[in-house]
Amino acid sequence: MIGVSTYLEAGARWGVWELDAALLPVGYPRLVQRAGGLAAMLPPDDPALAASAVARLDGLVIAGGPDVEPVRYGAERESRTGPPARERDAWELALIDAALAAGLPLLGICRGMQLLNVALGGTLVQHIDGHAEVVGVFGSHTVKPVPGSLYAGVVPEETSVPTYHHQAVDRLGAGLVASAYAVDGTVEAVELPSGGGWVLGVQWHPEMGEDLRVMRGLVRAAAG
């Protein structure tokens, strides 16, 4: 059972309806399913309940989405940083804390990787160019693994990955190490190697591609 955090959106539309909705791009649960897991959506909730939610899971995915509110890492909001998603920030930070405390296998995707870094005391660059070329359209670039890392054990070669982000890791959080880089030096994966269990963050969007190896790594760790 792999829990996946979700968006909380006002005025989502489907059929004849326009209502507030907890939603998730279908690529996420499909990727979990294709990798052999059972997907469970986790809409924003009371952060005090995060440990109870984590106790019912075998693995956790923190999905991509809006920018992390800069106050979470002690910064002022810059002009190109998006509006805050405070309920989601609070819920997902609590999920991350609970997963780390429980030794639950954890995968952060894009925002999820950035939030993992923030949860461990790291900071973010609020805008970079070249990683989201066209608004609303995923691009691609190559990612090179760091030899000997958890990520390199899952994907040992340089690969082209689906990408869409304008923020990135700046100072790494406590215990985290970089395990993949883009050509321009942007940190593209982080992990927690020292007794942290299976903990990986990737800056790209594996749910938008065909490579199942990262998610299979999480599902294998969850099954173990």
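Predicted model only: the values in this text are computed from it and were never measured.

Those residues of helix H1 (residues 27-34) lying buried are Gly27, Tyr28, Pro29, Leu31 and Val32. Packing partners of the buried residues in H1 comprise strand S1 (2-5), strand S4 (39-42), strand S6 (106-109) and helix H6 (213-223).

Our next topic: the nonpolar core. Counting residues in hydrophobic clusters, the biggest one holds 30 residues, and the most contacted among them are Leu60, Leu95, Leu106 and Leu116. Of all the secondary structure elements, the ones that give two or more residues to this core are helix H2 (50-55), strand S5 (59-62), helix H3 (86-102), helix H4 (111-119) and strand S12 (187-191). The leading source of residues in this core is H3, at seven residues. Not counting the four nearest positions on each side in its chain, Leu95 is found in contact with Ser5, Leu42, Ala50, Ala53, Val54, Leu60 and Ile62. Listed in part, the 29 residues of the second largest apolar core include Cys110, Trp198, Leu200 and Leu218.

Turning our eyes to something else, we now look at a nonpolar patch on the surface. Together, Trp14, Val16, Trp17 and Leu19 give the surface a local cluster of nonpolar side chains, amounting to about 480 Å² of exposed area. Among the structural elements, Val16 can be located in the loop between strand S2 (7-14) and strand S3 (17-23).

Axes are the key here: two packed helices are described by the angle between their axes and the distance separating the axes. The contact between H3 and H4 brings their axes to 10 Å, and the two run at 70 degrees. Judged on the interaxial angle alone, H4 and H3 are roughly perpendicular. Of the two possible hands of crossing, H3 and H4 adopt the one that is right-handed. Every residue of H4 that contacts H3 at Arg88, Asp89, Glu92, Leu93, Ile96, Asp97 and Leu100 is listed here: Arg111, Leu115, Leu116 and Ala119.

A sheet is described by the order of its strands in space; here nine strands give the open sequence S4-S1-S5-S6-S13-S12-S11-S8-S9, paired in mixed fashion. Strand pairing shows two members of the sheet lacking a second neighbour, S4 and strand S9 (159-163), which therefore form its edges. Ignoring which end each strand starts from, the neighbouring axes of this sheet average 25 degrees apart. Where S1 and S5 come together, three bridges link them in parallel fashion. Bridging across to S5, Ile2 finds its partner in Gly59. Against the sheet, H3 contacts S1, S4, S5, S6 and strand S13 (199-202), and its axis sits at roughly 150 degrees relative to S5.

To continue, consider H4. Along an α-helix, residues three or four positions apart point the same way, because every turn accommodates 3.6 residues. Within H4, eight of the nine residues are buried, leaving the element largely enclosed by the surrounding structure. Those residues of H4 that sit buried are Arg111, Gly112, Met113, Gln114, Leu115, Leu116, Asn117 and Val118. Gly121 lies just past H4 and shows a positive phi near 90 degrees.

A few words now on unusual backbone geometry. The general pattern is negative phi for most residues beyond glycine and trans for most peptide bonds. Residues other than glycine seldom take positive phi values, yet Cys110 does so here, at roughly 55 degrees. The topology assignment puts Cys110 in the loop between S6 and H4. Relative accessible area serves as the criterion here: at 6%, Cys110 is assigned to the buried category.

With respect to the helices, strands and loops of the structure, Gln203 is situated in the loop between S13 and H6. At a separation of 3.2 Å, a polar atom in the side chain of Gln203 contacts the side chain of Gln114. Contact partners of Gln203, with chain neighbours within four places excluded, come to Cys110, Met113, Gln114, His165, Gln167, Ala168, Val187 and Glu188.

In total, this model carries two aromatic pairs according to the counting rule given. With a centroid separation of 5.7 Å and an interplanar angle of 55 degrees, the aromatic rings of Phe138 and Tyr164 are classed as tilted. Pair noted here: Phe138 is in the loop between strand S7 (124-125) and strand S8 (139-145) and Tyr164 is in the loop between S9 and strand S10 (168-169), with a separation of 26 residues, a long-range link. According to the relative accessible area criterion, Phe138 is partly exposed, its value standing at 35%.

What counts as what
Residues numbered from 1 in each chain as written. Predicted model: local features only at pLDDT ≥ 70, side-chain atom pairs only at ≥ 80, totals over all residues. Heavy atoms only, no water. Buried < 20%, exposed > 50% of the residue type's maximum accessible area, 1.4 Å probe, protein only. Helix = DSSP H or I, 4+ residues; strand = E, 2+ residues; numbered from the N terminus. Contact = heavy atoms within 4.5 Å. Core = buried A, V, L, I, M, F, W, Y, C linked by side-chain atoms within 4.5 Å. Patch = residues over 30% accessible without salt bridge, like charges linked within 9 Å, V, L, I, M, F, W, Y side chains within 5 Å. Areas by Shrake-Rupley, 256 points an atom, 1.4 Å probe, with all protein chains shown as cover. Salt bridge = Lys/Arg side-chain N within 4 Å of Asp/Glu carboxyl O. Axes fitted to C-alpha atoms, helices over the stretch in contact; angles between N-to-C directions. Parallel < 35°, antiparallel > 145°, perpendicular 65-115°, else oblique. Left-handed = near helix turned anticlockwise from the far one by under 90°. Pairing = 2+ DSSP bridges. Polar contact = N/O pair within 3.5 Å; in protein donor to acceptor, adjacent residues only side chain to side chain. Phe/Tyr/Trp six-rings, centres within 6.5 Å; stacked < 30°, edge-to-face > 60°.

The analysis is restricted to geometry; functional conclusions fall outside its scope.
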